[in-house]
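Observations on chain architecture
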Amino acid sequence: MKLATLFAQNAGRHGDRVALVCGAGRLTFAELNANGDRLADALAARGVLPGDRVAVAMPNSLELVEAMAAILKLGALIVPLSTRLTAQEVAYIVGHCEPRAVFYSAGMRDPVAAALDGVGGAARIVTAAPEAGEEGHAAVLASGAPQPLPGPPAAEDDCMIVYTSGTTGRPKGAVGTNANMVIAALTNAVEWGLGEHDVVMATTAMAHRTGISRLANMLVVGCRLVMQPRFDAAEALTLIERERVTVAGGVPTVFRMMMPEFEKRPGAASSLRLIAATGEVFPVPLKQRLRAALPHVGLYTFLAQTEAGNVAGLRPGEQEARPRAAGRPIMGVEIRAVDADGNDVARGEPGELLVRSGEPGRAAVMREYFRDPAATEAAFDGDWFRTGDVGYFDADGFLHFVDRAKDMIVTGGLNVYSKEVEIALIEHAAVADAAVVGVPDDAFGEAVAACVVLEPGAAATADALIEHCRARIASYKKPSHVHVFDELPRTGTGKVVKQELKRRLAALREG
């Protein structure tokens, strides 16, 4: 079951309906399908074959989605590159995957050119006026024939390589399949009640799995996809109102940024029926503000991973009774919590989460790490994928996310899960955002350090925040150090880059 086939079928059913909105641009299903066919033919004429990699490095745009549609139709693999990557990161990924072609914007011209110096024969397709060695996107599109290509054999199912953030080392390329993306989209259809008449807004870049999943919603279900070239909270709400958006997807950080707009203009969100959020724990105080501002909007929060897909979800009707839970396992997904020896732990006890949904690549879990058999072998225990997340099941079968295993702090021989401390901090009225890391400590090995962002105009002393935590969690878990920042360093998907925070705190100590 191929994404390109499902999209072509949707284009045949309702070709005149708008499929894609970005900025002032709009494309119908028929237009996007035809442009995808033309670009796929043009790529084939430039030597791109099924199974080859094609990198895409540009902000959200009509051209970006056209390129992705073409790559899928050809049977090549999409390699999305965030525009926020450094030149060094771009060079590593391009050198690792060796693309046969790269689509990119003018802003990515220099890092792409530098990265391609070591990769011979790659077609360079730019959305701006082309320079020497480049071709313009519009000209390449016009050069292609309008008829669809045969596509790859049914057995060849790989469709993309999404590189992990690499916050603790070199990025790894998670190979995703058509089956992975189709199943994720169909799961959304069931869990969210998503249909062809819905209008879905993606608040994150298409360079990340979260954004690509919203694209898959459009390709598979036939709903309309709305996105911004660059996220802006006020403009996002205006877009919701103008396009009559029914479902908004994103990370909790995005909705925290939108919250003041929702509170100022709740009527602008009258068409919205559901917010779907993933990427990090959704703070309970933010849930309460959202419920007060938009009581007609349901909230669906879910735990997901680039490699494992959708893992667990908490439905709107479960949010009030289980506000801190990650939810129940997504249909067809099995989850175990195990100890260091791989044995299942008791209910209520935290353990590493293993996920299974059939043979890797055939359901929700990725097939492998690209060109990294050692990492692939380490990531799987048979058919079970090791998520690196720590969680536990309560007595009623709800999964609770505790922390990333690598983020656990050991202080005085006691384990402290940073997420528990972060949740306690965010429940303080003055705190808008928080991240907790371990820092060296002569007496205890590690100490708990809190990095917080305060609400506009708010004030709170370090002692006040420490006492606030002491009242909510065990005393040994409370922060020993509190640092206030204007903002926290985050990846393009909204995840805090804790290694960068550790570097900043080390610099402060040295200073």
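Here is a short report on the structure shown in this document.

1. Description of the overall build of the chain
Helix and strand counts for the chain stand at 15 helices and 27 strands. Here the chain has a C-alpha radius of gyration of 23 Å; the compact-globule value for 511 residues is 24 Å, and the two agree. Principal axes of the C-alpha set define a box for the chain whose edges measure 70 × 50 × 45 Å. Here the chain holds 511 residues, and 57% of them are scored as buried. When the accessible surface of the chain is totalled, it reaches about 20,600 Å², and 51% of it is carbon and sulfur. Separation of charge centres in the chain, based on 52 positive and 61 negative side chains, amounts to 3 Å.

2. Side note on the packing of helix α7 (residues 178-192) against helix α8 (residues 209-221)
Direction vectors running N to C along α7 and α8 enclose 80 degrees, while the axes themselves pass 9 Å from each other. In terms of orientation, α7 lies roughly perpendicular with respect to α8. Of α8, the residues touching α7 (which contributes N180, M181, V182, A184, A185, L186, N188, A189 and W192) are R209, I212, S213, R214, A216, N217, V220 and V221. Taken together, the residues of the contact of α7 with α8 sort by class into 11 nonpolar, four polar and two charged.

3. Observations regarding the pairing of strand β10 (residues 199-202)
Side chains V199 and M201 project from β10 onto one buried face, and the interleaved V200 and A202 project onto a second face that is buried too. Looking at chain direction, β10 and strand β11 (residues 224-227) are connected through four bridges and run parallel. Looking at β11, one finds that V200 is bridged to L225. Chirality of the crossover, the property in question, places the unit of β10, α8 and β11 among those that are right-handed.

4. Topic: helix α13 (residues 418-426)
Of all nine residues making up α13, seven are buried, and the element is well covered by its neighbours. Of the positions making up α13, those classed as buried are S418, K419, V421, E422, A424, L425 and I426.

5. Description of unusual backbone geometry
Of note, the phi angle at E98 is positive, near 50 degrees, even though the residue is not glycine. Assessed through its relative accessible area of 39%, E98 is described here as partly exposed.

6. What about the pattern of salt bridges?
Overall, the coordinates contain 38 salt bridges when judged by the stated rule. With a shortest N-O distance of 2.2 Å, D396 and R322 are connected by a salt bridge. In this pair, D396 sits in the loop between β21 (384-393) and β22 (399-404) while R322 sits in the loop between β15 (309-314) and β16 (328-329), placing the two residues 74 residues apart along the sequence. Exposure remark for D396: the relative accessible area of 46% places this residue in the partly exposed category. Measuring nitrogen to oxygen at the nearest pair gives 2.7 Å for the salt bridge that ties D389 to R404. Of this pair, D389 sits in strand β21 while R404 sits in strand β22, and the two are 15 residues apart along the sequence. In the salt-bridge network here, residues are joined through shared partners; they are K406, D407, K419, E422 and K498.

7. Things to note about the state of the cysteines
The tally for this structure, following the rule as stated, stands at zero disulfides. Between C223, a free cysteine, and C22, which holds the nearest cysteine sulfur, the sulfur-to-sulfur gap is 16 Å. C469 takes part in no disulfide bond, and the closest cysteine sulfur to it belongs to C451, at a distance of 13 Å. Owing to a relative accessible area of 0%, C469 belongs among the buried residues under this scheme.

8. Description of the sheet that holds strand β26 (residues 445-454)
The strand order across the open sheet built from three strands is β25-β26-β27, with neighbouring strands paired in mixed fashion. Both outer strands of the open sheet, β25 (431-441) and β27 (481-484), are each paired with one neighbouring strand and no more. Going from strand to strand, the sheet's axes swing by 25 degrees on average, the running direction of each strand aside. One ladder, built from 10 bridges, connects β25 with β26; its direction is antiparallel. Within the sheet, the bridge partner assigned to A435 lies in β26 and is C451. Along the sheet, helix α15 (residues 498-510) contacts β25, β26 and β27; its crossing angle with β25, the most-contacted strand, is approximately 65 degrees.

9. Topic: the sheet that holds strand β1 (residues 18-22)
Here we have nine strands laid out as an open sheet, ordered β2-β1-β11-β10-β12-β13-β14-β15-β16, and mixed in their pairing. Where the open sheet ends on each side, the last strands, each with one partner, are β2 (25-28) and β16. Sheet topology places β10 next to strand β12 (residues 247-250); three bridges connect them, and they run parallel. Each bridged residue has a counterpart across the sheet, and for V200 the counterpart in β12 is V247. Against the sheet, helix α2 (residues 29-45) contacts β1 and β2, and its axis sits at roughly 85 degrees relative to β2.

10. Comments concerning the environment of A42
Tracing the backbone through its elements, the reader meets A42 in helix α2. The class of A42 is buried, set by a relative accessible area of 1%. Sequence separation between A42 and A145 is 103 residues; the distance between their C-alpha atoms is 7.4 Å. Beyond its immediate stretch of four places on either side in the chain, A42 contacts V140, S143 and G144.

11. Considerations on the side chain of T210
By secondary structure assignment, the location of T210 is in helix α8. Residue T210 is classed as buried on the basis of its relative accessible area, which comes to 13%. Leaving out residues up to four positions away in the same chain, T210 has contacts with T204 and T278.

12. Here's the deal with the side chain of H428
Mapped onto the elements, H428 comes out in the loop between α13 and β25. Given a relative accessible area of 19%, H428 falls into the buried group. There is a polar contact of 3.0 Å between the side chain of H428 and the backbone nitrogen of A430. When sequence neighbours within four positions are dropped, the list of residues in contact with H428 reads A460, L465 and H468.

13. Here's the deal with the packing of aromatic side chains
On inspection of all chains with the given rule, the structure shows five aromatic pairs. Considering the side-chain rings of Y300 and F302, the 5.9 Å spacing of their centres and the 50 degrees angle between planes classify their relative orientation as tilted. What makes F302 buried here is its relative accessible area of 9%. Taking the centre distance of 5.4 Å and the plane angle of 65 degrees together, the rings of F380 and F385 count as edge-to-face. Residue F380 is classed as buried on the basis of its relative accessible area, which comes to 13%. With relative accessibility at 2%, the residue F385 sits in the buried group. These aromatic residues form a ring-pair network of at least three members: W192, Y300 and F302. Sitting above the plane of the F398 ring, R328 keeps its charged end 4.1 Å from the centroid. Its end group placed over the ring of W384, R336 keeps NZ or CZ at 5.1 Å from the ring centre.

Thresholds applied
Residues numbered from 1 in each chain as written. Predicted model: local features only at pLDDT ≥ 70, side-chain atom pairs only at ≥ 80, totals over all residues. Heavy atoms only, no water. Helix = DSSP H or I, 4+ residues; strand = E, 2+ residues; numbered from the N terminus. Rg over C-alpha atoms; globule rule 2.2 N^0.38 Å. Buried < 20%, exposed > 50% of the residue type's maximum accessible area, 1.4 Å probe, protein only. Areas by Shrake-Rupley, 256 points an atom, 1.4 Å probe, with all protein chains shown as cover. Lys, Arg positive; Asp, Glu negative; His and termini not counted. Charge placed at Lys NZ, Arg CZ, Asp CG, Glu CD. Axes fitted to C-alpha atoms, helices over the stretch in contact; angles between N-to-C directions. Parallel < 35°, antiparallel > 145°, perpendicular 65-115°, else oblique. Contact = heavy atoms within 4.5 Å. Nonpolar A, V, L, I, M, F, W, Y, C, P; charged D, E, K, R; others polar. Pairing = 2+ DSSP bridges. Right-handed = clockwise from strand over helix to strand, strands pointing away. Salt bridge = Lys/Arg side-chain N within 4 Å of Asp/Glu carboxyl O. Disulfide = S-S within 2.5 Å. Polar contact = N/O pair within 3.5 Å; in protein donor to acceptor, adjacent residues only side chain to side chain. Phe/Tyr/Trp six-rings, centres within 6.5 Å; stacked < 30°, edge-to-face > 60°. Lys NZ or Arg CZ within 6 Å of the ring centre and 35° of its normal.

Everything listed here is a matter of geometry and, on its own, says nothing about what the molecule does.
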